[in-house]
Structures are given as structure tokens and as C-alpha cells.
Amino acid sequence: MKALVYGGPGQKSWTDVPDPHIVNPTDAIVRIDTTTICGTDLHILKGDVPAVQEGRVLGHEGVGTVTEIGSSVTGLRTGDRVLISCIKSCGHCGNCKKGLYSHCSGEEGQAGTGWIFGHLIDGTQAEYVRVPYAENSLYKLPHGVTDDQAVMLSDILPTAFEIGVQAGRIKPGDVVAVVGAGPIGLAAIATSGLHGAATIIAIDPDEGRLARAREFGATGVVNPSGPGWISDVISYTDGAGVDVVIEAVGIPDTFDMAVRLVRPGGNVANIGVHGKSVELRLQDLWIRNINISMGLVNTNTTPMLLRLVAQHKIPAEKFATHHFTLAQIIDAYDTFSRAAETHALKVILSRESHH
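Residues numbered from 1 in each chain as written. Predicted model: local features only at pLDDT ≥ 70, side-chain atom pairs only at ≥ 80, totals over all residues. Heavy atoms only, no water.

## A word on the nonpolar core
The nonpolar side chains of soluble globular proteins are, as a tendency, buried together. To keep it simple, the criterion reads: In this description, a nonpolar core means a group of buried Ala, Val, Leu, Ile, Met, Phe, Trp, Tyr and Cys residues linked to one another through side-chain atoms lying within 4.5 Å. Type-normalised accessible area, obtained with a 1.4 Å probe on protein chains alone, sets the label of each residue: buried when under 20%, exposed when over 50%, and partly exposed for intermediate values. Numbering of helices and strands runs from the N terminus; a helix is a DSSP stretch of H or I covering at least four residues, while a strand is a stretch of E covering at least two. What makes two residues a contact is simply this: any of their non-hydrogen atoms within 4.5 Å.
By size, the foremost hydrophobic cluster in this structure holds 47 residues, and its most contacted members are Met152, Leu157, Val178, Leu186, Ile189, Ile246 and Phe319. Listing elements by their share of this core, those giving two or more residues are α5 (156–166), β8 (175–179), α6 (183–192), β9 (199–203), α7 (207–215), β11 (242–247) and α11 (302–310). Excluding residues that lie within four positions of it along the chain, Met152 makes contacts with Leu157, Pro158, Ala316, Phe319, Ala320, Lys346 and Ile348. Core analysis: the second largest hydrophobic core is formed by 29 residues, Cys90, Trp115, Ile329 and Tyr333 among them.

## Quick notes on α7
Counted only if it meets this: In this description, one arc is meant: the one made by directions from the helix axis to the C-beta atoms. Within 3.5 Å is the distance limit for a polar contact, defined as a pair of N or O atoms, with the added protein rule that one can donate a hydrogen and the other accept it, and that residues adjacent in sequence qualify only through two side-chain atoms.
All of the buried residues in α7 are Arg209, Leu210 and Ala213. Looking down the long axis of α7, one finds its buried residues gathered within 105 degrees of arc, a one-sided arrangement. As for α7, its buried residues are in contact with α6, β9, β10 (220–222) and α13 (339–342). By the N-cap criterion, in which a side-chain oxygen at the helix start approaches the backbone nitrogen of a residue two or three places on, α7 is capped by Asp206, the distance to Gly208 being 2.7 Å. Where α7 terminates, the next one or two residues include Gly217, which has phi positive at roughly 120 degrees.

## Details of the packing of α5 against α11
Where we set the bar: Axes, fitted as lines to C-alpha atoms, cover a helix only where it is in contact. Angles between the N-to-C directions of the axes lie from 0 to 180 degrees. Reported orientations rely on four angle classes, namely roughly parallel under 35 degrees, roughly antiparallel over 145, roughly perpendicular from 65 to 115, and oblique for the rest. Crossings are assigned a handedness: left-handed for a near helix turned anticlockwise from the far helix by less than a right angle, right-handed for a clockwise turn. Side-chain classes are defined by residue name, with Ala, Val, Leu, Ile, Met, Phe, Trp, Tyr, Cys and Pro counting as nonpolar, Asp, Glu, Lys and Arg as charged, and the others, Gly among them, as polar.
Relative orientation of the contacting elements α5 and α11 amounts to 115 degrees, with a least axis distance of 10 Å. When the axes of α5 and α11 are compared, the pair comes out roughly perpendicular. Pair α5 / α11 crosses with right-handed handedness. Mapping the contact onto sequence places Leu157, Pro158 and Phe161 in α5 and Thr302, Met304, Leu305 and Val309 in α11. For the contact of α5 with α11, a count of residues per class yields six nonpolar, one polar and no charged.

What follows is the structure in C-alpha cells.
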């Protein structure tokens, strides 16, 4: 089969690799019908994730069709249309029983690490993928949910909801600011309303992304390029400061912005994947009673989010801005990596051309 193979920092190729096969009785083989590219894939290609070895098939998001199941898989059949979760779950370790799938102790890839696709085992940017712990790591898709909608539930929607909205403790009536209006920030904007946020402010230097943020539910937008941006944000809060700030970029400057905006007793929810240290001025922060949270998605909210997408309560399809076939994946990476110019949110890769 063909797959996108990592060849070391800056190197990738769409090339022939062996077909995956059943290794353990809990496995399934899934034919990839639709996949997408994540900002994390760009981090890997920069060399920011040293655990990814040369020769690894990239990708951790996907929708497909089950083509083969292991001998102990009873809840799935060949032909089932499924969502592939970006996080493995063995279902029976102590962490999985607590819903902490991000630290599943199952041996696949590495015990204690939930994110294994395109990281520690071969991923979804391929014609076929082996899915370990298939009954807990795959979700059957209801009729009426399109591939474009479903693939957003592999990673960005549960990540934004769990690590941004839930960990940020958003309550009805809160003022929420989202720093960064890329795909993950927009997903946080789209799901903040599920917990009753009254005001949602998008902060981004790209005017195009601020316009997009309004489509996803932002009630106000602020460009931080100007000198008065902090007072612009505070003006939405009756001067009190922001109840919950969601950091959705992953660089020291944006984390600092989040900490400056939050009100006493408020929450900073860090979703961004940080590649270097940030300064944490505890001597100033302790007296403000601020909570700071962070984490890797568990995907334990995926079934609930899938029901909301099926009922058109979350506009998941709006994330899909560009369509390619799997064979055009190199072009798709180019489009996605130049998002400021191409206005790409999520690029969709399909087995067959998109009509």
C-alpha cells in the first residue's frame, strides 16, 4: 500500500510500504477513506517530537471502513464505517477505567502513552491502518454524519472541549477568551457554548481567522497587534477580566498573554503544544488565585460530541476548507503548512476524489 513516511526532520514521502496485518486478537484493520493533517504533524516534521523514528507512517486522525478484525473483537464487523480516535484505549487498565485514556497502560506503542498513531506506531496517512484495542479505539459512525464532519472528532473537537472547555471549568455566563484562532482555537470557540459561555472573545493577529472565529461562535474579536489590545479584551468583561482564557497556540508569548488576561480566581487552560519553556511568574500569580491546566486529550467525550455533530449542534464541517486525494498528500501538506496564505483550516484527504 501507499503511505506518508517520515524520513527524519524535514523529510517525508508518499511511498510503498507493507500492508498492515492483524498482530493481536484485539486489532482491526481499517481502510482509510478520509484523513487529515494536524499541527502536531508539522511539529514532527520540524524534529520537535524525537520519539518519532525514521520510517514511521504519520497521521493520527481518520475515518474508514473495517476490512478485518481480530479473533477477540466482537463489537465490530467488517464493513462497519468507523471513526479512528487519535488516542488508544485498552479499556481495562487503571487509567482507562478512570477515563484517562491519554495515559493508557496498554503495551501497544508504549505503556502509559495514549497517543501512539503516527508517533510510536504507524498512523492513518495511509491506505490502510492497524488499529490496536479496536473495540475501545474505534467508534461506529451514525448515518448522516459525513466523513468531513467525523474526521474532526478524531482529535481537534475532543481536544478543544476536554483540555480547553472542561479543564478550563467554563460555567454558564462566563467570559471566555481564546488566544489563537487556528483550527484548535476555533474548535474551542465552537464548543465553549456547550458549557454556557456568555461572551467568547477570539484573539489572533490574522484578520481572516478573526472573521472565521465569528462563524464558529465568537461574540467579539481582538487583534493583538495594536498597543491597546489588552484593554480591548477587558472592555468585553465590564472591567473584571476574563473568567477563562484558553491558550491555543503553544509559544511563550501566547501563554504570557493568557496569564495577563485572566481575572483573579480565573482559569488558564493551555491546549497549545509547547516546544520550549515558558516563564511562570509565581511571585505575581499566587495572590491572584489562578488555576492553570494543561494536558493531552483523553477522547472520553467523543461519543457525546459525535451525537452533537449528528444533530448539527457543532458545525464540524466548517473546518474542512481544502480537499485532496490521498495521492496528493504532499500538495496538501504544502497548503496546510502555508495556512496564513492559503487560509487553510483543515485539509481533507480522501481515498477518492471529493465531489
